[in-house]
Amino acid sequence: MEEKHEKTFFGQPHGLSTLFFTEMWERFSYYGMRAILLFYMYFALDKGGLGFDKATAMSVMAIYGSMVYLASVVGGWLSDRIWGSFKTVFIGGFFIMLGHIVLAVPMGATALFISIGLIVVGTGLLKPNVSEMVGGLYSENDRRRDAGFSMFVFGINLGSFVAPWIVGTIGQQVNFHLGFSLAAIGMFFGLIQYYRGRSQFSKENAKPNDPIAADELRGIIIKVIIGLVVIALGITALQLTNNLNIDNIVLIISIVAIALPIIYFYNMLSSKKITKKERSRVLAYIPLFIAAAVFWGIEESGSVVLALFAEDRTILHIGGWHLAASNFQSLNPLFIMLLTPLFVWLWSTWKKQPSAPGKFAVGLIFAGLSYMFMALPGLLHGTTGRVSPFWLIGSWLIVEIAEMLISPIGLSITTKLAPKAFRSQMMSMWFLADAAGQAVNSQLVRLYSPQTEIKYFLGIGIVSAIFGIVLIFFVKPIHKLMEGVD
């Protein structure tokens, strides 16, 4: 009898090919849109933009990123309790595609805010669950797991790298709405790829892991209604007091993004479901969470402050090679792809490497240095003319070294320090660190202008570096609190 061979994707389960290309297209659509969205918001009407002032446009960009990660918490819950991961990812992709289609239609600021709502919901549904599905392709003892996740991450960065060149160039040099339509087409391709590969996933993906029991449903519905009523009353109060504007809405979302992780930490630390050892590990996670929030505030500024620097202060050619300001957004995924093999080798061969808190501390110092580096062109050449694009390239390289020290290490340590009763919620905390960092950023970016450029980069860079230096002195106490976790 002829033996049947498992169909594979470069030696991995065949389902990885579907998730690889689905996430590649989703990141193509998301980062393509982000590459030109800031410019679309503040460019004058006669240049195809919306005519927002720069401070408001930067603030909206930062809070947009924060809302995406806040929505990821809800997306994980809906998958676990209601839809299952397969359906949640598909619904998320559909919402994302709709969001890009809305932006592709020239309907002004109304379309912008509808699009933001659709893409925030869609990305929140898709992002946490597609990663969970990758893990579901492997048994616990399958040695291909790490290589499979590495391939999946490469797909993410491939889509993120290509998008600013295609969507960014066409959006800035031809028409913004044509650029947004390319982002919609990218997500459409991702949905087709995902649906065609549906047979490659187990039936477990089609149902929730922890379905809502009948006796729970009423309480959940009441909480949702109360939440909606509170939101409606808040909007009404702002309207009645003539305070319903973009700036106040951004401020409220910022407060929520900062308050939510505080509530999460309180609930975990006060819970009777965790042991003394687990409580100690949660305490150890708090300074790491704060460090991650500081880092993400700087790293995510690439599509906000550094994007503005690229447009207003950078010479947009290297020799005879002409660039669009949005093309610089590809530097983030490019350096991740280049640096990842180096750091994988480093962590595999370095026997007496620093603990996770030590890596976080050094990462924060590098993040600070990336901003201090951006203060140099202003100090050397003034803040009125244009400077070499290599300043931006150098800054992105430095901050991506910081990301290598914080992002993969943070994902790993989050799973290790998670209390058993709060395992999935602890993973949400990692997303909330990014949300909190960008929420703070949404207020700070208002301070950036050519007049404040040097002080802005130096101030935030020094604060990050000081956080890193202080964290170095607390590495041993934090490691002790981690109770045996390295």
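Residues numbered from 1 in each chain as written. Predicted model: local features only at pLDDT ≥ 70, side-chain atom pairs only at ≥ 80, totals over all residues. Heavy atoms only, no water.

A.B. asks: Hey, could you run me through the pattern of salt bridges in this one?
C.D. replies: Pairing is possible between side chains that carry opposite charge, provided their charged atoms lie close to one another. In total, this model carries five salt bridges according to the counting rule given. Across the pair Glu26 and Arg27 runs a salt bridge whose closest N-O atoms are separated by 2.7 Å. Exposure remark for Glu26: the relative accessible area of 0% places this residue in the buried category. A relative accessible area of 3% means that Arg27 is categorised as buried. Residues Arg313 and Glu453 are paired through a salt bridge, measuring 2.8 Å at the closest nitrogen-oxygen approach. Placement of the pair is Arg313 in helix α10 (residues 305–313) and Glu453 in helix α15 (residues 453–473), with a sequence separation of 140 residues. (Salt bridge = Lys/Arg side-chain N within 4 Å of Asp/Glu carboxyl O. Buried < 20%, exposed > 50% of the residue type's maximum accessible area, 1.4 Å probe, protein only. Helix = DSSP H or I, 4+ residues; strand = E, 2+ residues; numbered from the N terminus.)

A.B. asks: In this structure, what is going on with the packing of helix α3 (residues 85–104) against helix α6 (residues 176–196)? I would like to understand it.
C.D. replies: Two quantities define a packed helix pair, namely the angle between the axes and the distance from one axis to the other. In the contact formed by α3 and α6, the axes pass within 8 Å of each other and the chain directions differ by 160°. By the angle between their axes, α3 is roughly antiparallel relative to α6. Relative to α6, α3 is oriented so that their crossing is left-handed. Of the residues in α6, those touching α3 at Ser85, Phe86, Val89, Phe90, Gly93, Phe94, Ile96, Met97, His100, Ile101, Leu103 and Ala104 are His177, Phe180, Ser181, Ala183, Ala184, Met187, Phe188, Leu191, Tyr194 and Tyr195. (Axes fitted to C-alpha atoms, helices over the stretch in contact; angles between N-to-C directions. Parallel < 35°, antiparallel > 145°, perpendicular 65-115°, else oblique. Left-handed = near helix turned anticlockwise from the far one by under 90°. Contact = heavy atoms within 4.5 Å.)

A.B. asks: What am I meant to see in the packing of helix α1 (residues 15–42) against α3 here?
C.D. replies: It is at 11 Å that the axes of α1 and α3 come closest, and there the two elements cross at 30°. In terms of orientation, α1 lies roughly parallel with respect to α3. Crossing of α1 over α3 shows left-handed handedness. Of α3, the residues touching α1 (which contributes Glu26, Ser29, Tyr30, Met33, Leu37 and Tyr40) are Ile96, His100 and Leu103. For the contact of α1 with α3, a count of residues per class yields six nonpolar, two polar and one charged. (Nonpolar A, V, L, I, M, F, W, Y, C, P; charged D, E, K, R; others polar.)

A.B. asks: Sorry if this is basic, but what is going on with the nonpolar core here?
C.D. replies: Across soluble globular proteins, nonpolar side chains have a tendency to be buried as a group. Ranked by internal contacts, the top residues of the largest apolar core, which has 107 residues, are Leu37, Phe180, Tyr285, Val305, Phe360, Met429 and Phe457. Considering each element in turn, this core owes the most residues, 12 residues, to helix α2 (residues 54–83). When neighbours within four sequence positions are excluded, Tyr285 is seen to be in contact with Phe265, Ile413, Thr414, Leu417, Met426, Met429 and Trp430. (Core = buried A, V, L, I, M, F, W, Y, C linked by side-chain atoms within 4.5 Å.)

A.B. asks: Please explain the environment of Phe90 as it appears in this structure.
C.D. replies: For Phe90, the position within the fold is in helix α3. Separated by 209 residues in sequence, Phe90 and Glu299 place their C-alpha atoms 29 Å apart. Apart from residues lying up to four places away in sequence, Phe90 is in contact with Leu191, Tyr194 and Tyr195.

A.B. asks: Any chance you could explain the packing of aromatic side chains here in plain terms?
C.D. replies: Summed over the entire model, instances satisfying the criterion amount to 30 aromatic pairs. For the ring pair Phe39 and Tyr42, a centre distance of 6.2 Å and an interplane angle of 65° mean the geometry is edge-to-face. With a gap of three residues between them, Phe39 and Tyr42 both fall in helix α1, about one helical turn apart. Of the two residues, Phe39 and Tyr42, both sit in the buried class. When the ring of Phe90 is compared with that of Tyr194, the centres are 6.5 Å apart and the planes differ by 20°; the resulting orientation is stacked. Here Phe90 is found in helix α3, whereas its partner Tyr194 is found in helix α6, with 104 residues between them in sequence. In this structure Phe90 comes out as partly exposed when scored by relative accessible area, which is 29%. Overall, the relative accessible area of 0% leaves Tyr194 in the buried class. Taken together, Phe39, Tyr40, Tyr42, Phe43, Phe176 and Phe180 form an aromatic cluster joined through their ring pairs. (Phe/Tyr/Trp six-rings, centres within 6.5 Å; stacked < 30°, edge-to-face > 60°.)

A.B. asks: Could you clarify how one ought to interpret helix α7 (residues 214–240) in this entry?
C.D. replies: For an α-helix, the turn length of 3.6 residues means that residues three or four places apart are oriented alike. For α7, spanning 27 residues, the distance from its first C-alpha to its last is 40 Å, which sits close to the expected 39 Å at 1.5 Å a residue. The first or second residue beyond α7 is Asn242, which carries a positive phi of 60°. (Expected span 1.5 Å × (residues − 1).)

A.B. asks: Even after reading the chapter, I still don't get the side chain of Ser442, so can you show me in this structure?
C.D. replies: Along the polypeptide, Ser442 turns up in helix α14 (residues 423–444). Within polar-contact distance, the side chain of Ser442 engages the backbone oxygen of Ala439 at 2.5 Å. (Polar contact = N/O pair within 3.5 Å; in protein donor to acceptor, adjacent residues only side chain to side chain.)

A.B. asks: Can you help me understand a nonpolar patch on the surface in this one?
C.D. replies: Side chains of Ile462, Ile466, Ile469, Val470, Ile472, Phe473 and Phe474 sit close together on the surface and give an oily, nonpolar patch of about 670 Å² of accessible area. The topology assignment puts Ile469 in helix α15. (Patch = residues over 30% accessible without salt bridge, like charges linked within 9 Å, V, L, I, M, F, W, Y side chains within 5 Å. Areas by Shrake-Rupley, 256 points an atom, 1.4 Å probe, with all protein chains shown as cover.)

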